[in-house]
Amino acid sequence: MRIVYFGAGAFGLPTLERLTSEHDVVGVVTQPDRPAGRKRRLTPTPIGEWASSHLADTPLFKPENVNDADIRDAVRGIDCDAWVVIAFGQKLGEPLLEDRFAINLHASLLPRWRGAAPINHAIMAGDRVTGNSVITLADRMDAGLVMGQSERTIDPSLTAGELHDLLAADGPDLMLRVLAEKQSDALRPVTQDESLVTIAGKLSRADGWVDLGASAEHCRRRIHGLTPWPGVTIRIGDDQLKVARVEALESGSEEVAGVLIDAASGVIACGEGTSLRLIEVQPAGKRIMAWAEYVRGNPIEVGAVVNGGAPC
(Lines give C-alpha, C1' and ligand atoms only; values in the text may rest on other atoms or scores of the structure.)
Protein backbone atom coordinates (compact mmCIF):
# COMPACT_ATOMS: atom_id res chain seq x y z
CA MET A 1 0.00 0.00 0.00
CA ARG A 2 1.00 3.61 -0.50
CA ILE A 3 1.11 5.27 2.92
CA VAL A 4 1.38 8.87 4.14
CA TYR A 5 2.67 8.90 7.72
CA PHE A 6 1.84 11.61 10.28
CA GLY A 7 3.84 11.57 13.51
CA ALA A 8 6.35 13.29 15.77
CA GLY A 9 7.07 11.22 18.89
CA ALA A 10 9.34 8.20 19.27
CA PHE A 11 6.32 6.01 20.05
CA GLY A 12 5.60 5.70 16.32
CA LEU A 13 9.16 4.96 15.16
CA PRO A 14 8.92 1.14 15.21
CA THR A 15 5.71 1.30 13.16
CA LEU A 16 7.18 3.74 10.63
CA GLU A 17 10.21 1.48 10.20
CA ARG A 18 8.00 -1.57 9.52
CA LEU A 19 5.73 0.37 7.20
CA THR A 20 8.78 1.42 5.22
CA SER A 21 9.98 -2.17 4.88
CA GLU A 22 6.61 -3.72 3.97
CA HIS A 23 4.72 -0.92 2.23
CA ASP A 24 5.53 2.22 0.26
CA VAL A 25 5.73 5.31 2.49
CA VAL A 26 5.19 8.13 0.00
CA GLY A 27 5.06 11.08 2.40
CA VAL A 28 5.90 11.98 6.01
CA VAL A 29 4.34 14.83 7.98
CA THR A 30 5.87 15.80 11.34
CA GLN A 31 6.19 18.80 13.64
CA PRO A 32 8.65 21.66 12.99
CA ASP A 33 12.16 21.53 14.45
CA ARG A 34 12.20 23.02 17.95
CA PRO A 35 14.95 24.46 20.20
CA ALA A 36 16.28 21.81 22.58
CA GLY A 37 19.11 21.32 25.07
CA ARG A 38 21.11 23.90 26.95
CA LYS A 39 22.23 25.59 23.74
CA ARG A 40 18.65 25.64 22.42
CA ARG A 41 19.65 24.27 19.04
CA LEU A 42 16.91 23.56 16.53
CA THR A 43 16.24 19.83 16.79
CA PRO A 44 14.00 17.67 14.60
CA THR A 45 11.40 15.35 16.03
CA PRO A 46 12.39 11.66 16.29
CA ILE A 47 10.23 11.02 13.22
CA GLY A 48 11.71 13.94 11.29
CA GLU A 49 15.26 12.85 12.09
CA TRP A 50 14.62 9.24 11.04
CA ALA A 51 12.81 10.21 7.85
CA SER A 52 15.63 12.54 6.83
CA SER A 53 18.15 9.72 7.20
CA HIS A 54 16.13 6.81 5.76
CA LEU A 55 13.61 8.38 3.38
CA ALA A 56 15.69 11.04 1.68
CA ASP A 57 13.66 10.91 -1.55
CA THR A 58 10.29 11.01 0.22
CA PRO A 59 8.45 14.34 0.70
CA LEU A 60 8.89 15.49 4.32
CA PHE A 61 6.59 18.21 5.67
CA LYS A 62 7.13 20.10 8.96
CA PRO A 63 4.14 22.46 9.19
CA GLU A 64 3.28 24.67 12.14
CA ASN A 65 -0.35 23.97 11.21
CA VAL A 66 -1.08 20.92 9.10
CA ASN A 67 -4.49 22.37 8.22
CA ASP A 68 -3.11 25.42 6.42
CA ALA A 69 -4.39 25.45 2.85
CA ASP A 70 -1.01 25.06 1.16
CA ILE A 71 0.01 22.12 3.36
CA ARG A 72 -3.44 20.56 3.08
CA ASP A 73 -3.36 20.72 -0.69
CA ALA A 74 0.20 19.37 -0.91
CA VAL A 75 -0.50 16.39 1.37
CA ARG A 76 -3.84 15.60 -0.20
CA GLY A 77 -2.15 15.74 -3.59
CA ILE A 78 -0.05 12.68 -2.77
CA ASP A 79 -1.55 9.56 -4.34
CA CYS A 80 -1.94 7.01 -1.54
CA ASP A 81 -4.14 4.31 -0.02
CA ALA A 82 -4.01 5.22 3.67
CA TRP A 83 -2.88 7.81 6.19
CA VAL A 84 -1.28 6.47 9.38
CA VAL A 85 -1.23 8.88 12.33
CA ILE A 86 0.78 8.18 15.50
CA ALA A 87 1.68 10.70 18.24
CA PHE A 88 1.48 13.57 15.76
CA GLY A 89 0.46 16.36 18.14
CA GLN A 90 -1.84 18.31 15.81
CA LYS A 91 -5.51 17.76 15.10
CA LEU A 92 -6.34 16.96 11.49
CA GLY A 93 -9.35 19.02 10.41
CA GLU A 94 -12.27 17.79 8.36
CA PRO A 95 -11.21 19.53 5.10
CA LEU A 96 -7.87 17.73 5.36
CA LEU A 97 -9.39 14.34 6.22
CA GLU A 98 -12.26 14.40 3.76
CA ASP A 99 -12.57 11.09 1.85
CA ARG A 100 -9.25 9.76 3.21
CA PHE A 101 -8.79 6.42 5.00
CA ALA A 102 -6.92 7.73 8.07
CA ILE A 103 -6.14 5.59 11.12
CA ASN A 104 -4.44 6.31 14.43
CA LEU A 105 -2.42 4.10 16.81
CA HIS A 106 -3.32 4.91 20.43
CA ALA A 107 -1.60 3.39 23.49
CA SER A 108 -4.62 2.11 25.41
CA LEU A 109 -7.52 -0.28 25.11
CA LEU A 110 -10.11 2.28 24.09
CA PRO A 111 -12.52 3.52 25.28
CA ARG A 112 -10.39 3.32 28.43
CA TRP A 113 -7.87 6.16 28.70
CA ARG A 114 -8.64 8.56 25.93
CA GLY A 115 -6.27 11.51 26.04
CA ALA A 116 -2.67 12.64 26.20
CA ALA A 117 -1.17 10.29 28.82
CA PRO A 118 -2.83 6.86 28.58
CA ILE A 119 0.25 4.84 29.60
CA ASN A 120 0.85 6.89 32.75
CA HIS A 121 -2.78 6.75 33.83
CA ALA A 122 -3.07 3.01 33.23
CA ILE A 123 -0.21 2.38 35.65
CA MET A 124 -1.40 4.93 38.22
CA ALA A 125 -4.89 3.41 38.19
CA GLY A 126 -3.51 -0.08 38.82
CA ASP A 127 -4.69 -1.55 35.51
CA ARG A 128 -3.40 -5.09 35.07
CA VAL A 129 -3.77 -5.10 31.30
CA THR A 130 -3.36 -2.41 28.68
CA GLY A 131 -2.56 -2.39 24.98
CA ASN A 132 -2.85 -0.53 21.71
CA SER A 133 -5.87 0.45 19.64
CA VAL A 134 -6.03 1.38 15.97
CA ILE A 135 -8.95 3.75 15.40
CA THR A 136 -10.35 6.04 12.76
CA LEU A 137 -9.88 9.76 13.32
CA ALA A 138 -12.89 11.52 14.80
CA ASP A 139 -13.83 15.06 15.71
CA ARG A 140 -13.73 14.17 19.42
CA MET A 141 -10.42 13.07 20.92
CA ASP A 142 -9.72 9.33 20.49
CA ALA A 143 -13.42 8.63 19.87
CA GLY A 144 -13.11 6.96 16.46
CA LEU A 145 -14.18 3.49 15.40
CA VAL A 146 -11.93 0.72 16.72
CA MET A 147 -10.30 -1.18 13.85
CA GLY A 148 -8.17 -3.50 15.97
CA GLN A 149 -6.53 -3.92 19.37
CA SER A 150 -3.62 -5.74 21.01
CA GLU A 151 -3.13 -6.48 24.71
CA ARG A 152 -0.18 -6.52 27.10
CA THR A 153 0.01 -7.33 30.81
CA ILE A 154 1.36 -4.56 33.06
CA ASP A 155 4.04 -6.02 35.31
CA PRO A 156 4.26 -4.20 38.69
CA SER A 157 7.95 -3.50 38.13
CA LEU A 158 7.36 -1.55 34.91
CA THR A 159 7.66 2.21 34.76
CA ALA A 160 5.72 4.32 32.28
CA GLY A 161 8.83 4.78 30.18
CA GLU A 162 9.40 1.03 29.92
CA LEU A 163 5.75 0.32 29.14
CA HIS A 164 5.87 3.05 26.48
CA ASP A 165 8.70 1.23 24.71
CA LEU A 166 6.96 -2.15 24.93
CA LEU A 167 3.72 -0.79 23.50
CA ALA A 168 5.65 1.03 20.77
CA ALA A 169 7.23 -2.30 19.82
CA ASP A 170 3.77 -3.92 19.74
CA GLY A 171 2.43 -1.28 17.37
CA PRO A 172 3.78 -2.49 14.02
CA ASP A 173 2.10 -5.92 14.07
CA LEU A 174 -1.26 -4.41 14.96
CA MET A 175 -1.01 -1.64 12.36
CA LEU A 176 0.06 -4.06 9.62
CA ARG A 177 -2.81 -6.38 10.52
CA VAL A 178 -5.34 -3.56 10.19
CA LEU A 179 -3.87 -2.47 6.86
CA ALA A 180 -3.99 -6.06 5.59
CA GLU A 181 -7.65 -6.32 6.61
CA LYS A 182 -8.31 -3.05 4.79
CA GLN A 183 -6.74 -4.49 1.65
CA SER A 184 -8.79 -7.68 1.87
CA ASP A 185 -12.01 -5.84 2.77
CA ALA A 186 -12.10 -7.72 6.09
CA LEU A 187 -12.20 -4.75 8.48
CA ARG A 188 -15.06 -4.85 11.00
CA PRO A 189 -15.04 -1.49 12.82
CA VAL A 190 -16.44 -1.39 16.36
CA THR A 191 -18.10 1.66 17.91
CA GLN A 192 -16.70 2.62 21.32
CA ASP A 193 -18.97 2.25 24.34
CA GLU A 194 -19.27 5.81 25.68
CA SER A 195 -20.33 4.53 29.11
CA LEU A 196 -16.83 3.00 29.55
CA VAL A 197 -14.81 6.11 28.65
CA THR A 198 -12.06 7.25 31.02
CA ILE A 199 -9.85 10.27 30.41
CA ALA A 200 -6.04 10.34 30.64
CA GLY A 201 -5.37 14.01 31.26
CA LYS A 202 -2.14 15.73 30.33
CA LEU A 203 0.58 15.66 33.00
CA SER A 204 2.80 18.50 34.21
CA ARG A 205 5.78 18.99 36.51
CA ALA A 206 3.34 19.87 39.27
CA ASP A 207 2.23 16.21 39.33
CA GLY A 208 5.63 15.01 40.58
CA TRP A 209 4.65 14.18 44.16
CA VAL A 210 3.56 11.15 46.17
CA ASP A 211 1.39 10.86 49.29
CA LEU A 212 3.26 8.48 51.61
CA GLY A 213 0.20 8.39 53.82
CA ALA A 214 -1.48 6.25 51.19
CA SER A 215 -0.82 2.52 50.84
CA ALA A 216 2.54 1.39 49.51
CA GLU A 217 0.80 -0.08 46.45
CA HIS A 218 -0.81 3.28 45.70
CA CYS A 219 2.60 4.96 46.05
CA ARG A 220 4.21 2.39 43.73
CA ARG A 221 1.60 3.01 41.06
CA ARG A 222 2.06 6.76 41.21
CA ILE A 223 5.85 6.67 41.20
CA HIS A 224 6.10 4.17 38.34
CA GLY A 225 3.31 5.90 36.44
CA LEU A 226 5.20 9.21 36.55
CA THR A 227 8.63 7.78 35.66
CA PRO A 228 10.59 9.06 33.81
CA TRP A 229 8.49 12.23 33.39
CA PRO A 230 7.64 14.30 35.28
CA GLY A 231 9.14 12.02 37.92
CA VAL A 232 8.37 11.91 41.64
CA THR A 233 10.72 13.87 43.91
CA ILE A 234 11.12 13.17 47.62
CA ARG A 235 13.18 14.88 50.30
CA ILE A 236 15.04 13.03 53.07
CA GLY A 237 16.55 15.56 55.44
CA ASP A 238 18.52 17.94 53.23
CA ASP A 239 18.71 15.47 50.33
CA GLN A 240 16.39 15.77 47.35
CA LEU A 241 15.94 12.64 45.24
CA LYS A 242 13.91 11.66 42.22
CA VAL A 243 12.57 8.14 42.75
CA ALA A 244 13.01 5.93 39.69
CA ARG A 245 11.86 2.49 40.88
CA VAL A 246 10.24 1.08 44.03
CA GLU A 247 8.64 -2.05 45.44
CA ALA A 248 5.47 -2.16 47.52
CA LEU A 249 5.85 -4.37 50.59
CA GLU A 250 3.04 -6.01 52.50
CA SER A 251 5.06 -6.08 55.72
CA GLY A 252 3.45 -3.86 58.31
CA SER A 253 5.00 -1.10 60.36
CA GLU A 254 3.92 0.75 63.46
CA GLU A 255 5.88 3.81 62.42
CA VAL A 256 4.14 6.95 61.23
CA ALA A 257 3.85 7.10 57.45
CA GLY A 258 6.81 8.85 55.86
CA VAL A 259 9.48 7.60 58.27
CA LEU A 260 12.55 5.68 57.07
CA ILE A 261 12.45 2.31 58.90
CA ASP A 262 15.37 0.54 57.20
CA ALA A 263 18.17 2.81 55.98
CA ALA A 264 20.27 0.08 54.33
CA SER A 265 17.35 -1.21 52.23
CA GLY A 266 15.60 2.13 51.77
CA VAL A 267 12.30 1.05 53.32
CA ILE A 268 9.80 3.79 54.16
CA ALA A 269 6.64 3.40 56.26
CA CYS A 270 3.46 4.13 54.32
CA GLY A 271 -0.22 4.24 55.16
CA GLU A 272 -2.45 1.25 55.97
CA GLY A 273 0.44 -0.50 57.75
CA THR A 274 2.43 -1.02 54.56
CA SER A 275 5.92 0.00 53.51
CA LEU A 276 7.74 0.99 50.34
CA ARG A 277 11.27 -0.02 49.32
CA LEU A 278 13.35 2.42 47.29
CA ILE A 279 15.17 0.47 44.57
CA GLU A 280 16.56 3.19 42.29
CA VAL A 281 16.93 6.92 42.93
CA GLN A 282 18.42 9.91 41.15
CA PRO A 283 20.11 12.65 43.19
CA ALA A 284 19.75 16.15 41.78
CA GLY A 285 22.09 16.63 38.83
CA LYS A 286 23.32 13.03 38.88
CA ARG A 287 22.55 9.70 37.21
CA ILE A 288 20.06 7.09 38.35
CA MET A 289 21.62 4.67 40.84
CA ALA A 290 20.65 1.83 43.14
CA TRP A 291 19.57 2.93 46.63
CA ALA A 292 22.38 0.85 48.16
CA GLU A 293 24.93 2.77 46.09
CA TYR A 294 23.40 6.10 47.02
CA VAL A 295 23.26 5.44 50.75
CA ARG A 296 26.90 4.30 50.87
CA GLY A 297 27.97 7.83 49.97
CA ASN A 298 25.12 9.57 51.79
CA PRO A 299 24.58 7.94 55.21
CA ILE A 300 21.01 8.32 56.44
CA GLU A 301 19.76 7.29 59.86
CA VAL A 302 16.72 5.19 60.64
CA GLY A 303 13.87 7.46 61.68
CA ALA A 304 14.61 10.15 59.12
CA VAL A 305 11.45 11.84 57.84
CA VAL A 306 10.71 11.46 54.14
CA ASN A 307 8.66 14.19 52.46
CA GLY A 308 6.88 13.12 49.29
CA GLY A 309 5.78 16.65 48.43
CA ALA A 310 2.06 15.77 48.47
CA PRO A 311 -0.12 18.89 48.26
CA CYS A 312 -2.08 19.75 51.42
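Please refer to the structure placed before this passage.
What comes next concerns the included structure. Since this is a predicted model, take the numbers as computed values, not measurements. (Residues numbered from 1 in each chain as written. Predicted model: local features only at pLDDT ≥ 70, side-chain atom pairs only at ≥ 80, totals over all residues. Heavy atoms only, no water.)

In terms of nonpolar packing, the biggest core is built from 39 residues, with Tyr5, Leu19, Val84, Ile103, Val134, Met175 and Leu179 touching the most fellow members. Elements with a minimum of two residues in this core: β1 (2–7), α1 (13–22), β2 (24–29), α2 (46–54), β6 (82–86), β7 (102–106), α5 (118–124) and α6 (160–183). Among the elements that make up this core, the one with the highest residue count is α6 (nine residues). In contact with Leu179, other than residues within four places in its own chain, are Met1, Ile3, Leu19, His23, Ala82, Phe101 and Ile103. Of all hydrophobic cores here, the second largest spans 28 residues; its members include Met124, Leu203, Val295 and Val306. (Core = buried A, V, L, I, M, F, W, Y, C linked by side-chain atoms within 4.5 Å. Buried < 20%, exposed > 50% of the residue type's maximum accessible area, 1.4 Å probe, protein only. Helix = DSSP H or I, 4+ residues; strand = E, 2+ residues; numbered from the N terminus. Contact = heavy atoms within 4.5 Å.)

Across the sheet, which stays open at both edges, the seven strands sit in the order β5-β2-β1-β6-β7-β9-β10 with mixed pairing between neighbours. The sheet is open, and its two edges are formed by β5 (60–61) and β10 (146–153), each paired on a single side. By the bridge criterion, two bridges tie β2 to β5 in an arrangement that is parallel. Bridged to Val28 within β5 is Leu60. Contacting β1, β6, β7, β9 (129–136) and β10, α6 crosses the sheet at an angle of about 145 degrees to β10. (Pairing = 2+ DSSP bridges. Axes fitted to C-alpha atoms, helices over the stretch in contact; angles between N-to-C directions.)

Another point: the pairing of strand β16 (residues 275–283). The side chains of a regular strand alternate between both faces of the sheet. In this structure, strand β13 (residues 239–249) lies alongside β16, joined through eight bridges in antiparallel fashion. Of the residues in β16, the one forming a bridge with Arg245 is Glu280. Taken together, the three bridges between strand β15 (residues 267–269) and β16 define a ladder with antiparallel strand orientation. Across the sheet, Ile268 pairs through a bridge with Leu276, a residue of β16. In terms of strand pairing, β16 meets strand β17 (residues 289–290) through two bridges, oriented antiparallel. Residue pairing across strands places Glu280 opposite Ala290, the latter belonging to β17. The turn joining β16 and β17, which pair antiparallel and follow one another in sequence, is formed by five residues; a positive phi near 80 degrees is taken by Gly285.

The values are spatial; any link to function lies outside them.
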